[in-house]
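# Geometric and topological summary
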Amino acid sequence: MPVLVITGTGTEVGKTVVTAAVAATALAAGRSVAVLKAAQTGVLPGEPGDAAEVARLAGPVTTAELARYPEPLAPATAARRAGRAPVHPHEVAEAAAKLATEHDLVLVEGAGGLLVRFDAAGGTLADAAGLLSAPVLVVTAAGLGTLNTTELTARELRSRGLDLAGLVIGSWPAEPDLAARCNLADLPDVTRAPLLGSVPAGSAALSPARFRAAAPHWLAPRLDGSWDVEAFRTREAPGAP
Ligand SMILES: Nc1ncnc2c1ncn2[C@@H]1O[C@H](COP(=O)(O)OP(=O)(O)OP(=O)(O)O)[C@@H](O)[C@H]1O
Ligand SMILES: C[C@H](N)[C@H](N)CCCCCC(=O)O
Ligand SMILES: [Mg+2]
């Protein structure tokens, strides 16, 4: 199934801009793309959410959002406080599977990091990825502190038997410091997953035309939507954490 789940080591690491870069790369390769924002928090009705931001930057993608809660919180908390129904992992999986029947590639963006709760039962994006048997791309920060959160995320994915497709740095600084430069080698080392690209800092401020022209150069060719599931089977890599 052509679904890629995009999570991150936390909120504000650049999941949306990476999702846009993957979408733009797949569109440039002639593929049809859908973007599913499982639950959007911190955005009012009528305002553009993450899926709309992906469409603005990447171009003509189908966008979908299962729920929107105004408070900038984890979806489970925001839903509870709003007195509204939460989004359950099986609903995310069902929506992604339906979009996958109509598109070459479906990108599912979570909210915050992998274990952020969607519902009161503790359902997460990881559960949705498991239901879909979909590979998971992890968006990481570039600098000091990212080794710990990225390795924790990789370990959690592997402990669940999920496929860690690889890592993408969400915002690569124009003048990387020592930690960022060392992390280019250390991130794949500690996760035993490939570093599949990095999006330059400030890219979300590019014009859409420039973003679309540049995006394929930020990512490894395998992120153009042409992969088969086997390409991302890294969960049983020798020596994996
Ligand atoms: N490469 C980048 N270029 C420009 N701005 C960026 C880049 N990466 C992140 N940002 C900015 O950082 C902020 C967080 O990015 P983004 O919205 O992609 O985070 P996120 O991981 O999707 O967070 P959320 O959990 O809210 O979905 C945004 O204000 C975005 O504009
Ligand atoms: C509001 C924000 N931009 C995201 N949509 C939600 C992030 C939830 C993070 C929860 C947490 O890990 O503490
Ligand atoms: Mg986002």
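Each value, and the rule that gives it
- Residues numbered from 1 in each chain as written.
- Chains lettered and ligands numbered in written order.
- Predicted model: local features only at pLDDT ≥ 70, side-chain atom pairs only at ≥ 80, totals over all residues.
- Heavy atoms only, no water.
- Helix = DSSP H or I, 4+ residues; strand = E, 2+ residues; numbered from the N terminus.
- Rg over C-alpha atoms; globule rule 2.2 N^0.38 Å.
- Buried < 20%, exposed > 50% of the residue type's maximum accessible area, 1.4 Å probe, protein only.
- Contact = heavy atoms within 4.5 Å.
- Areas by Shrake-Rupley, 256 points an atom, 1.4 Å probe, with all protein chains shown as cover.
- Lys, Arg positive; Asp, Glu negative; His and termini not counted.
- Charge placed at Lys NZ, Arg CZ, Asp CG, Glu CD.
- Donors = N, O, S within 2.8 Å, 3.2 Å for Na, K, Ca; no water.
- pLDDT = per-residue confidence, 0-100.
- Near = heavy atom within 4 Å.
- Polar contact = N/O pair within 3.5 Å; in protein donor to acceptor, adjacent residues only side chain to side chain.
- Nonpolar A, V, L, I, M, F, W, Y, C, P; charged D, E, K, R; others polar.
- Phe/Tyr/Trp six-rings, centres within 6.5 Å; stacked < 30°, edge-to-face > 60°.
- Core = buried A, V, L, I, M, F, W, Y, C linked by side-chain atoms within 4.5 Å.
- Salt bridge = Lys/Arg side-chain N within 4 Å of Asp/Glu carboxyl O.
- UniProt positions renumbered as here; feature names shortened; annotations may be inferred.
- Expected span 1.5 Å × (residues − 1).
- Arc of directions from axis to C-beta.

Assigned secondary structure in the protein chain consists of eight helices and nine strands. In terms of overall dimensions, the protein chain is globule-like: its C-alpha atoms have a radius of gyration of 16 Å, near the 18 Å expected for 241 residues. Its C-alpha atoms give the protein chain principal-axis dimensions of about 45 × 40 × 35 Å. Sorting the 241 residues of the protein chain into buried and exposed places 50% on the buried side. Relative to all contacts within the protein chain whose residues are 6 or more apart in sequence, the contacts with residues 24 or more apart total 80%. For the protein chain, the exposed area adds up to about 10200 Å²; of that, 55% sits on carbon and sulfur atoms. Computed over 20 positive and 24 negative side-chain charges, the inter-centroid distance for the protein chain is 1 Å.

Mapped onto the elements of the fold, threonine 153 is located in helix α6 (residues 146–159). Other than its neighbours up to four places away in sequence, threonine 153 contacts Gly8, Thr9, Leu114 and Val138.

What follows is about the coordination of the magnesium ion (ligand 3). As a benchmark, a tetrahedral metal site with four donors has ideal angles of 109.5 degrees, while an octahedral site with six donors has ideal angles of 90 or 180 degrees. Only Thr16 (OG1), Asp50 (OD) and Glu109 (OE) from the protein coordinate the magnesium ion (ligand 3), and they sit 2.1 to 2.2 Å from it. Spacing between the donor residues of the magnesium ion (ligand 3) along their common chain follows T-x33-D-x58-E. Of this pair, threonine 16 sits in helix α1 (residues 15–28) while aspartate 50 sits in helix α2 (residues 50–58), placing them 34 residues apart in sequence. A relative accessible area of 14% means that threonine 16 is categorised as buried.

To continue, consider the confidence of the model for the protein chain. Summarising the model, the protein chain shows a mean pLDDT of 94, and 94% of its residues fall at 70 or more. Predicted confidence is poor over residues 235–241, with pLDDT under 50, and the contacts of this stretch with residues over four places away or in other chains come to 14 contacts. This complex was scored by the predictor with a pTM of 0.94 and an ipTM of 0.87.

In this section: the site of ligand 2. Taken together, Thr11, Thr41, Pro72, Leu73, Ala74 and Val116 make up all the residues around ligand 2. Threonine 11 is positioned such that a nitrogen or oxygen atom in its side chain is 3.5 Å from a nitrogen atom of ligand 2. In the model, a nitrogen atom of ligand 2 is placed 3.0 Å from a nitrogen or oxygen of the threonine 41 side chain. Relative to its free-state accessible area of 390 Å², ligand 2 is covered by the protein chains to the extent of 60%. Taken together, the residues that form the shell around ligand 2 break down as four nonpolar, two polar and no charged.

A few words now on the packing of aromatic side chains. Taken as a whole and assessed by the stated rule, the structure comprises one aromatic pair. Consider the rings of phenylalanine 211 and tryptophan 218, whose centres lie 5.2 Å apart with planes at 80 degrees: the pair is edge-to-face.

Turning next to the nonpolar core. For soluble globular proteins, nonpolar side chains are generally found buried alongside one another. By size, the foremost hydrophobic cluster in this structure holds 40 residues, and its most contacted members are Val3, Val5, Val106 and Val108. The biggest single contributor to this core is helix α4 (residues 89–100), with six residues. Those residues in contact with valine 5 that sit more than four places away from it in its chain are Val108, Leu125, Ala129, Ala134, Pro135, Val136 and Leu137. By size, the runner-up hydrophobic cluster in this structure holds 33 residues, among which are Ala51, Ala58, Leu107 and Phe211.

If you walk through the whole model with that rule in mind, you get ten salt bridges. Across the salt bridge formed by glutamate 53 and arginine 56, the nearest N and O atoms sit 3.0 Å from each other. Here glutamate 53 and its partner arginine 56 are both found in helix α2, three residues apart, which amounts to about one turn of the helix. Through salt bridges with shared partners, one network takes in Lys37, Asp50 and Glu109.

Okay, the UniProt feature "binding site: substrate" (unreviewed entry) in the protein chain next. As recorded in UniProt, the feature "binding site: substrate" (unreviewed entry) lies at Thr41. Tracing the sequence through the fold places threonine 41 in strand β3 (residues 40–41).

Compared with an ideal rise of 1.5 Å per residue, which puts twelve residues at 16 Å, α4 spans 16 Å between its outermost C-alpha atoms and is within 8% of the ideal. Within α4 the residues assigned to the buried category are Pro89, Val92, Ala93, Ala95, Ala96, Leu99 and Ala100. Along the axis of α4, the buried positions cluster into a sector of 165 degrees, meaning they face one direction only. Against β1 (3–8), β2 (33–37), β4 (62–65), β6 (105–109) and α5 (125–132) lie the buried residues of α4.

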